[in-house]
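One-letter residues, chain by chain:
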Amino acid sequence: MYEGLFLIDNTHASMEWDNVVKHIHDILQKNGAEILKTEKWGEKKLAYKIKGHKRGTYLLIHFNTKSGAITAIKRDFQLSDYIIRSLIVKDDKIEEVSQIGVIEPIPARNTGATPEIKDAELLEKTDMAINVTGEA
Amino acid sequence: MSKKRFNRTSKCRFCRMGVEELDYKDTQNLVKLTTNQGKLFSRKRSGNCAHHQHSVKLSVKRARFMALLPYVA
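Per chain, the residues get numbers from 1 upward, laid out in the order the sequence is written. Written order determines the labels here, with chains lettered from A and ligands numbered from 1. In keeping with the predicted nature of the model, local features appear solely for residues at pLDDT of at least 70, side-chain atom pairs appear and are counted solely at 80 or more, and the whole-chain, interface and lining totals rest on all residues. Values shown for side chains rest on all heavy atoms present in the structure; no hydrogens or waters enter the calculation.

Basically, it comes down to this: UniProt positions are given in the numbering used here, feature names are shortened, and annotations may be inferred rather than shown by experiment.
Per an unreviewed UniProt entry, chain B goes by the name SSU ribosomal protein S18p and belongs to Candidatus Jettenia ecosi. Annotation of chain B in UniProt includes, under Sequence similarities (unreviewed entry), the sentence "Belongs to the bacterial ribosomal protein bS18 family."

Chain A appears in an unreviewed UniProt entry as Small ribosomal subunit protein bS6 from Candidatus Jettenia ecosi. In its Sequence similarities (unreviewed entry) section, the UniProt record describing chain A reads: "Belongs to the bacterial ribosomal protein bS6 family." UniProt annotates chain A under Function (unreviewed entry) with the comment "Binds together with bS18 to 16S ribosomal RNA."

See the structure below:
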């Protein structure tokens, strides 16, 4: 069981999203992969510029394939024009829990407010915050 | 005088929660394990056990590669 996260060029993503998804699926299927789940995260601001891109669209795909096929898949994605960056991770237990905080876009308060909090407070708050998400 | 007085929860936060591995996609929580500059907290500072500190390290580095977290902020 593999999990691939793809960062897609925004110009292509907004113009021809279906084509891009099909293109990625084709590459995977060409290499004998069985696609289990495709999920669009939507457009996000990148933490730093990649090849001049400030924003990008993320696509998450869960798939199953033989371990030997991964190198070929990775090379094909590197050659693709649509994809800025890709990360393929092996994950034997893809759970629902792993989706916490991902499907919805990150609320503005978390990105802005937390860095200002002093260290001692931060640790306490994070402890609480993580507990909350853990229980849910 | 009894030992109970000193019975503190000494495990790391992820052990207490029963989390096995961290997820690089969970940016909201990973941000809290890094400094304002985007550096990782030390094991001493975060209080994590060896297993979970490794896991934190790996997931933060994966998140950085995918531009979900900054290398330098």
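1. Some points on the packing of helix 2 (residues 17-30) of chain A against helix 3 (residues 70-79) of chain A
All names here are of chain A. Put simply, the rule reads: Axis lines are fitted through C-alpha atoms, for helices just across the contact stretch, and the angle between N-to-C directions can take any value from 0 to 180 degrees. Segments assigned H or I by DSSP are reported as helices when at least four residues long, segments assigned E as strands when at least two residues long, and all are numbered from the N terminus. Under this scheme an angle from 65 to 115 degrees is roughly perpendicular, one under 35 degrees roughly parallel, and one over 145 degrees roughly antiparallel; angles in between are oblique. By the definition used in this description, the sense in which the near helix is turned from the far one sets the handedness, with an anticlockwise turn below a right angle giving left-handed and a clockwise turn giving right-handed. Contact criterion: two residues are considered in contact whenever any of their non-hydrogen atoms come within 4.5 Å of each other. Gly is put with the polar residues, along with every residue not named as nonpolar or charged; the nonpolar set is Ala, Val, Leu, Ile, Met, Phe, Trp, Tyr, Cys and Pro, and the charged set is Asp, Glu, Lys and Arg.
Taken N-terminus to C-terminus, the directions of helix 2 and helix 3 make an angle of 150°; their axes are 9 Å apart at the nearest point. Our classification of the angle between helix 2 and helix 3 gives roughly antiparallel. Classified by chirality, the crossing of helix 3 by helix 2 is right-handed. Along its contact with helix 2, which presents I24, I27, L28 and K30, the element helix 3 presents I73, D76 and F77. Classifying every residue of the contact of helix 2 with helix 3 by side-chain character gives five nonpolar, no polar and two charged.

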